[in-house]
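Residues per chain are reported as follows:
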Number of protein chains: 2
Amino acid sequence: MSKISDLFLDYYQLTMSQSFWRKHGEKEAIFELSFRRLPKDRGYLVTGGIEHCIQHIKNFSLSSESVGSLRNLKKFDQPFLTYLENIKFTGDVWSVRDGEIIFANEPVLQIKAPIIQCQLVETILINTVNLHTLLATKCTRVLHAAQGKPVIDFGARRAHSKLAAFALAEEAHLVGFTGTATVDAGINYSIPLVGTMAHSYVMSFETELEAFRAYAEEFPHECTFLIDTYDSVEGLKNAVKIGLEMEKKGYRLFGVRLDSGDLQKLSEISRKLLDTSGLNYVQVIASGGLDEYSIADLERNQAPINIYGVGTKVSVSADAPWAETIFKMVEFNEMPVSKTSEHKESAPYQKKVYRIMNDSGKYLQDVITAANSTDTFQGGEELLIHRIRTGNLLEPAMSLMNAQQYYRNVFDRLPTRYKALSSPPLYPVNNLIG
Amino acid sequence: MSKISDLFLDYYQLTMSQSFWRKHGEKEAIFELSFRRLPKDRGYLVTGGIEHCIQHIKNFSLSSESVGSLRNLKKFDQPFLTYLENIKFTGDVWSVRDGEIIFANEPVLQIKAPIIQCQLVETILINTVNLHTLLATKCTRVLHAAQGKPVIDFGARRAHSKLAAFALAEEAHLVGFTGTATVDAGINYSIPLVGTMAHSYVMSFETELEAFRAYAEEFPHECTFLIDTYDSVEGLKNAVKIGLEMEKKGYRLFGVRLDSGDLQKLSEISRKLLDTSGLNYVQVIASGGLDEYSIADLERNQAPINIYGVGTKVSVSADAPWAETIFKMVEFNEMPVSKTSEHKESAPYQKKVYRIMNDSGKYLQDVITAANSTDTFQGGEELLIHRIRTGNLLEPAMSLMNAQQYYRNVFDRLPTRYKALSSPPLYPVNNLIG
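Residues numbered from 1 in each chain as written. Chains lettered and ligands numbered in written order. Predicted model: local features only at pLDDT ≥ 70, side-chain atom pairs only at ≥ 80, totals over all residues. Heavy atoms only, no water.

In the annotation of an unreviewed UniProt entry, chain A is listed under the name nicotinate phosphoribosyltransferase and assigned to marine metagenome. Under the heading Sequence similarities (unreviewed entry), UniProt records this for chain A: "Belongs to the NAPRTase family." Taken directly from UniProt, the Pathway (unreviewed entry) text for chain A runs: "Cofactor biosynthesis; NAD(+) biosynthesis; nicotinate D-ribonucleotide from nicotinate: step 1/1." (UniProt positions renumbered as here; feature names shortened; annotations may be inferred.)

This is the structure in structure tokens:
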């Protein structure tokens with residue numbers, strides 16, 4: 001069995017479904033996916049993974065091999081297993097767009113279908129939206145902290161699996177990172193591939209100077225030297241030396257990369273020496289455990305860094321590696337339902353979300369109403385779009401390129417105060433239901 | 001292109017390799033994978049993912065489709081691309097076992113091979129060992145906090161991708177979790193599948209009582225009721241009622257599940273009512289944001305909980321979602337090498353690690369020596385095993401079952417003080433090199 005199977009489910013979804021099948025037949029439910037609370041220091045979230053979910057739902061089925069595996073568990077009835085062998089999605093789906101700005105308790109995905117179909121896609125939907133949204137949000141924060149300077153993704157090695165690294169490259173690209181070091185993701189999404197060199201490269205030559213010279217010979221058009229293998233200042237001097245050699249041959253050194261030590265001080269030393277050596281076009285690239293907080297500090301102190309490379313802390317959304325992403329039933333058999341568990345209440349009724357803007361298009365507040373409400377709101381735009389009707393896609397998948405454009409527009413409309421990296425104010429969401 | 005391709009690499013590994021190919025040919029390097037520091041509050045790590053790495057290395061190659069994608073980038077020479085098309089692993093590998101206890105700076109995997117081969121497997125090796133080790137360690141901590149009570153894995157939905165959920169189920173099983181809710185992982189690794197019901201199940205019936213009765217009819221032999229959909233104490237009473245009905249039919253209710261609110265208080269109320277109702281065999285299962293810290297609190301207060309279900313915080317190793325997992329060159333062309341970057345120094349020479357035990361087999365300290373050293377240590381066992389010689393496996397992969405047994409033995413030998421959940425003492429590792 002391949003690890004990437006269609007049985008990425010929680011076991012209780014199957015046991016419940018056997019009972020639903022006997023007791024409820026094809027009775028319909030409506031489920032909504034949302035975030036119960038925003039993680040600490042997050043004033044908003046940027047959605048990701050929505051298009052992947054639309055594809056998952058549209059293509060949902062269980063292979064006969066998978067149903068055979070379930071049969072072997074000897075927990076399920078034969079008629080129910082036969083039903084599973086033929087199951088596909090026949091319902092309706094509404095969703096926000098990838099790259100949307102959303103807040104707590106706002107549905108980002110809604111499914112109306114026979115209850116079994118809703119339950120069997122639960123795990124993959126929560127998993128996908130949770131991860132992609134955390135990463136898109138983290139990358140947005142980093143880019144916001146960098147104040148428009150280019151940021152590149154070095155996060156593959158410590159992301160939680162290959163798929164998480166792939167998701168990181170995708171979401172980083174969505175919000176506007178300049179490049180990725182992750183080869184398969186870069187190729188798949190047409191993201192520019194970027195890279196410098198590892199310490200091992202420098203160490204494999206007798207001297208740092210030889211290493212830089214060898215690399216410059218190999219890639220004269222895109223050459224960045226990692227200068228901290230032994231001593232950053234000595235490394236910088238060696239980089240300048242080879243940079244000047246390159247110039248004589250008609251090439252230009254692209255950058256020097258700082259990867260440890262005091263980045264503020266080293267970037268100042270680097271800029272100064274590069275400029276006084278006539279290499280003012282050489283970029284100073286900083287990396288090494290960076291995230292939005294450390295980048296904001298460097299920017300506040302006007303560190304002369306041109307490009308930031310971020311890895312680990314961004315790849316795992318280190319200060320918020322999880323969110324309260326939930327998938328809750330809000331209607332069953334045409335009746336509103338809700339749970340009342342302490343601190344985990346859920347709100348009944350399928351919902352609509354209106355975003356109210358001022359005359360210059362800036363976001364003022366959101367309003368949540370029941371989907372069947374006829375209220376409208378001046379200056380308000382509805383966030384949820386009908387994506388699948390009775391199992392059929394209503395429009396093709398939104399491309400990553402379109403999501404990028406959409407994101408850029410909406411992020412611009414979010415007032416700056418909600419973008420604070422720490423303790424942002426609460427954006428007003430007015431829930432008119434109940 | 002499939003997302004799971006053999007191009008899960010950092011771009012610089014390819015650019016460096018083209019230069020290595022021209023300048024160094026098949027000159028050999030030795031790289032070591034280790035943890036530069038232990039994450040906060042970790043007194044030890046439990047290794048995971050080692051067998052996956054051995055398989056990755058053994059099977060390393062690039063498909064002609066992948067090399068075609070690289071050709072399309074127009075960054076690499078044709079002769080180098082041809083070389084990549086035929087590349088396979090021809091070197092040697094040493095590793096510790098999965099389930100080993102290790103500390104900072106101890107190599108867990110060593111590769112000796114032409115430098116290009118070492119570099120091209122770097123990303124996948126760091127990624128795999130980092131994630132699996134973080135998860136194995138987190139699960140060990142949880143089980144230790146639960147003091148031998150059964151713990152089950154509910155973590156799929158908020159793990160960082162399907163693959164991370166799969167890794168969680170595997171590592172949880174390695175250290176002794178009782179079951180998993182993740183269907184494909186349970187089937188793949190023969191882990192018992194466990195599950196109760198979701199709130200949606202209860203909400204799809206007119207009353208909670210009807211829901212419980214329907215579930216008991218469907219699964220009379222493995223029936224656990226989630227009692228917090230509306231009010232946990234009312235839910236408990238309904239569970240007792242159906243539990244007594246089941247008894248009359250010759251069945252036994254397995255458990256009640258608390259998923260919100262004050263778990264200490266609710267578990268006490270549950271135990272008392274179940275016992276006074278003659279249902280003393282019914283298990284109290286607790287879940288809802290649990291991790292090793294909250295479980296330790298419940299155990300300290302002797303909460304009458306029989307089984308713990310853990311999800312989100314364990315699935316992302318929430319208090320330590322990353323580790324300083326590194327892969328560093330220690331020898332090149334038969335000479336020791338090292339870097340001296342500030343706070344990121346690397347230590348030269350291929351190494352051996354000896355674990356010194358006292359007469360009753362408890363761990364006293366570790367000693368690191370150069371691999372070519374002839375020193376031996378009384379009561380010391382070598383941790384690194386020769387796994388691959390000139391590209392060939394020296395022994396078959398260790399099964400997950402064997403890793404479980406190995407882990408149980410070594411964890412028992414680690415003195416209890418290093419297992420403290422917060423601020424454990426530093427285990428002595430004596431580095432005799434340099």
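1. Comments concerning the packing of helix α6 (residues 122–145) of chain A against helix α13 (residues 292–300) of chain A
Residues and elements named next belong to chain A. Following both chains from N to C, one finds α6 and α13 inclined at 10°, their axes separated by 8 Å at the closest point. The angle between α6 and α13 falls in the class roughly parallel. Across the interface between the two elements, K138, R141, V142 and A145 from α6 touch E292, Y293, I295, A296 and E299 from α13. (Axes fitted to C-alpha atoms, helices over the stretch in contact; angles between N-to-C directions. Helix = DSSP H or I, 4+ residues; strand = E, 2+ residues; numbered from the N terminus. Parallel < 35°, antiparallel > 145°, perpendicular 65-115°, else oblique. Contact = heavy atoms within 4.5 Å.)

2. So, the domain arrangement of chain A
Quoted interface sizes are often the accessible area lost when the parts come together. Residues and elements named next belong to chain A. Each domain of chain A was delimited in the assignment, giving domain 1 (11–135 + 320–431) and domain 2 (147–315). Here the C-alpha centroids of domain 1 and domain 2 sit 39 Å apart. Contacts between the two partners involve 16 residues from domain 1 and, on the opposite side, 14 residues from domain 2. Among the residues of domain 1 in contact with domain 2, L135, L400 and L421 are the three that bury the most area, contributing 45% of the side total. (Domains from an automatic or database assignment. Buried area = accessible area lost by both parts, 1.4 Å probe.)

3. Some thoughts on the interface of chain A and chain B
Counting residues at the interface gives 105 residues for chain A and 105 residues for chain B. Approximately 8,900 Å² of surface area, both sides summed, lies buried where chain A meets chain B, with 60% of it carried by carbon and sulfur atoms. At the junction of chain A with chain B, the criterion picks out 12 salt bridges. The element contributing the most residues to the side of chain A that touches chain B is helix α1 (residues 11–23) of chain A, with 11 residues. A class-by-class count of the residues in the side of chain A that touches chain B yields 49 nonpolar, 31 polar and 25 charged. (Salt bridge = Lys/Arg side-chain N within 4 Å of Asp/Glu carboxyl O. Nonpolar A, V, L, I, M, F, W, Y, C, P; charged D, E, K, R; others polar.)

4. With respect to the UniProt feature "domain: Nicotinate/nicotinamide phosphoribosyltransferase" (unreviewed entry) in chain A
Following the UniProt record, the feature "domain: Nicotinate/nicotinamide phosphoribosyltransferase" (unreviewed entry) maps to residues 152–320 of chain A here. Helix makes up 48% of residues 152–320 of chain A and strand makes up 11%, while its end C-alpha atoms are separated by 20 Å.

5. Description of the packing of aromatic side chains
Residues and elements named next belong to chain A. With the rule as written, the count across this model stands at 34 aromatic pairs over all chains. Measuring from centroid to centroid gives 5.2 Å for Y418 and Y427, while their planes differ by 75°, and the two rings are edge-to-face. We classify Y418 as buried; its relative accessible area is 4%. Taken together, the ring pairs in this structure connect Y11, W21, F76, F80 and Y83 into an aromatic cluster. (Phe/Tyr/Trp six-rings, centres within 6.5 Å; stacked < 30°, edge-to-face > 60°. Buried < 20%, exposed > 50% of the residue type's maximum accessible area, 1.4 Å probe, protein only.)

6. Some thoughts on the environment of G91 of chain B
Relative to the helices and strands, G91 of chain B resides in the loop between α4 (78–85) and β3 (92–95). For the pair G91 of chain B and T390 of chain B, spaced 299 residues apart in sequence, the C-alpha to C-alpha distance is 4.4 Å.

7. Thoughts on the sheet that holds strand β11 (residues 307–310) of chain A
Residue and element names in this part refer to chain A. In spatial order, the strands read β7-β6-β11-β10-β9-β8; together these 6 strands make up an open sheet with parallel pairing. Each edge of the open sheet carries a strand with a single partner, namely β7 (179–180) and β8 (224–226). When strand β9 (residues 255–258) meets strand β10 (residues 283–286), the two strands line up parallel, connected through 4 bridges. Considered in β10, the bridge of L258 is made with A286. (Pairing = 2+ DSSP bridges.)

8. Quick look at the UniProt feature "domain: Nicotinate phosphoribosyltransferase N-terminal" (unreviewed entry) in chain A
Listed under "domain: Nicotinate phosphoribosyltransferase N-terminal" (unreviewed entry) in the UniProt record, and renumbered for this structure, are residues 8–130 of chain A. Helix makes up 44% of residues 8–130 of chain A and strand 18%, with an end-to-end C-alpha separation of 15 Å.

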